[in-house]
Amino acid sequence: MSDVLRFDDNCVFCKIIKGDIPSTKVYEDNLCYAFRDINPQAPTHILVVPKVHITSVAEVDRHNEALVGHMFTVIAKIARDEGLDEGGYRVISNCGPDACQSVPHLHFHILGGKKMREGMV
Ligand code: 5GP
Ligand code: ZN
């Protein structure tokens, strides 16, 4: 569980996990943290982040794949708890500049509570 302590001092999401920047917590366990996006793009917009500084999906490998799988179990639980599972929801991870990733710490957006526009995905 030493991964839990591997933070990047300059990373906004590492600071949020440590509590150095305030956030509205939705869920937390020893491996991941979920909080409401500061600039919501849907009525429900939650970010799920690992408690280790992984830059993006591009850094997912056999060493952290169990962690990422766990994050999806958490995503499904949060969606149920937020009442999104009946209407549905979108899970997005932007990876790198072409995808307009703005925070280089792996995160999954959970977006729901409205009918999404078609397009992109
Ligand atoms: P990305 O563009 O990297 O896929 O998503 C980054 C997300 O982080 C954006 O939706 C942005 O609104 C959110 N965000 C950036 N800084 C903060 C912050 O300090 N607090 C919270 N709650 N969300 C943030
Ligand atoms: Zn980080």
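Above: the structure in question.
Structural notes, computed from the coordinates. (Residues numbered from 1 in each chain as written. Chains lettered and ligands numbered in written order. Predicted model: local features only at pLDDT ≥ 70, side-chain atom pairs only at ≥ 80, totals over all residues. Heavy atoms only, no water.)

1. A closer look at the overall build of the chain
Then, in step 1: Helices and strands together make up the secondary structure of the chain, namely two helices and five strands.
Then, in step 2: Each helix (α) and strand (β) of the chain, taken in turn from the N terminus, gives the series α-β-β-β-α-β-β.
Then, in step 3: Across the 121 residues in the chain, those meeting the buried criterion constitute 36%.
Then, in step 4: Within the chain, residue pairs in contact and separated by at least 24 positions form 55% of the contacts whose partners lie at least 6 positions apart.
Then, in step 5: Element-wise, carbon and sulfur atoms account for 51% of the exposed surface of the chain, whose accessible area totals about 7400 Å².
Then, in step 6: Taken together, the 13 basic and 16 acidic charged side chains of the chain have centroids lying 4 Å from each other. (Helix = DSSP H or I, 4+ residues; strand = E, 2+ residues; numbered from the N terminus. Buried < 20%, exposed > 50% of the residue type's maximum accessible area, 1.4 Å probe, protein only. Contact = heavy atoms within 4.5 Å. Areas by Shrake-Rupley, 256 points an atom, 1.4 Å probe, with all protein chains shown as cover. Lys, Arg positive; Asp, Glu negative; His and termini not counted. Charge placed at Lys NZ, Arg CZ, Asp CG, Glu CD.)

2. A few points about the sheet that holds strand β4 (residues 89-92)
Then, in step 1: What the five strands build is an open sheet, ordered β1-β2-β3-β5-β4; its pairing is antiparallel. Taken across any chain shown, the strands that pair with only one partner, and hence form the sheet edges, are β1 (25-28) and β4. Averaged over all pairs of adjacent strands, the angle between their axes in this sheet comes to 20°, without regard to strand direction.
Then, in step 2: Note that β4 and strand β5 (residues 108-112) share four bridges and pair antiparallel. When the bridges of β5 are listed, Val91 appears paired with Ile110.
Then, in step 3: With respect to the sheet, helix α2 (residues 65-81) is in contact with β1, β2 (32-36), β3 (44-50), β4 and β5, its orientation differing from that of β3 by roughly 155°. (Pairing = 2+ DSSP bridges. Axes fitted to C-alpha atoms, helices over the stretch in contact; angles between N-to-C directions.)

3. Examining the environment of Asp20
Then, in step 1: With respect to the helices, strands and loops of the structure, Asp20 is situated in the loop between α1 (12-18) and β1.
Then, in step 2: Classification of Asp20 as exposed rests on a relative accessible area of 53%.

4. Some thoughts on the side chain of His105
Then, in step 1: The residue His105 is located in the loop between β4 and β5 in this model.
Then, in step 2: Side-chain polar atoms of His105 contact the backbone oxygen of Pro50, separated by 2.9 Å.
Then, in step 3: Apart from the residues within four sequence positions on either side, His105 is in contact with Cys11, Phe13, Cys14, Ile17, Val49, Pro50, Val52, His53, Ile54 and Thr55. (Polar contact = N/O pair within 3.5 Å; in protein donor to acceptor, adjacent residues only side chain to side chain.)

5. Structural notes on the environment of Asn39
Then, in step 1: Here Asn39 lies in the loop between β2 and β3.
Then, in step 2: When its relative accessible area of 48% is taken as the criterion, Asn39 is described as partly exposed.
Then, in step 3: Separated by 58 residues in the primary sequence, Asn39 and Pro97 have C-alpha atoms spaced 19 Å apart.

6. With respect to the pairing of β2
Then, in step 1: Of all five residues in β2, four are buried, a share of seventy percent or more.
Then, in step 2: The pairing of β1 with β2 spans three bridges and is classified as antiparallel. Looking at β2, one finds that Lys25 is bridged to Phe35.
Then, in step 3: Counted along the chain from β1 to the antiparallel partner β2, the turn is three residues long.
Then, in step 4: As paired strands, β2 and β3 are joined by five bridges and run antiparallel to one another. Residue pairing across strands places Tyr33 opposite Val49, the latter belonging to β3.

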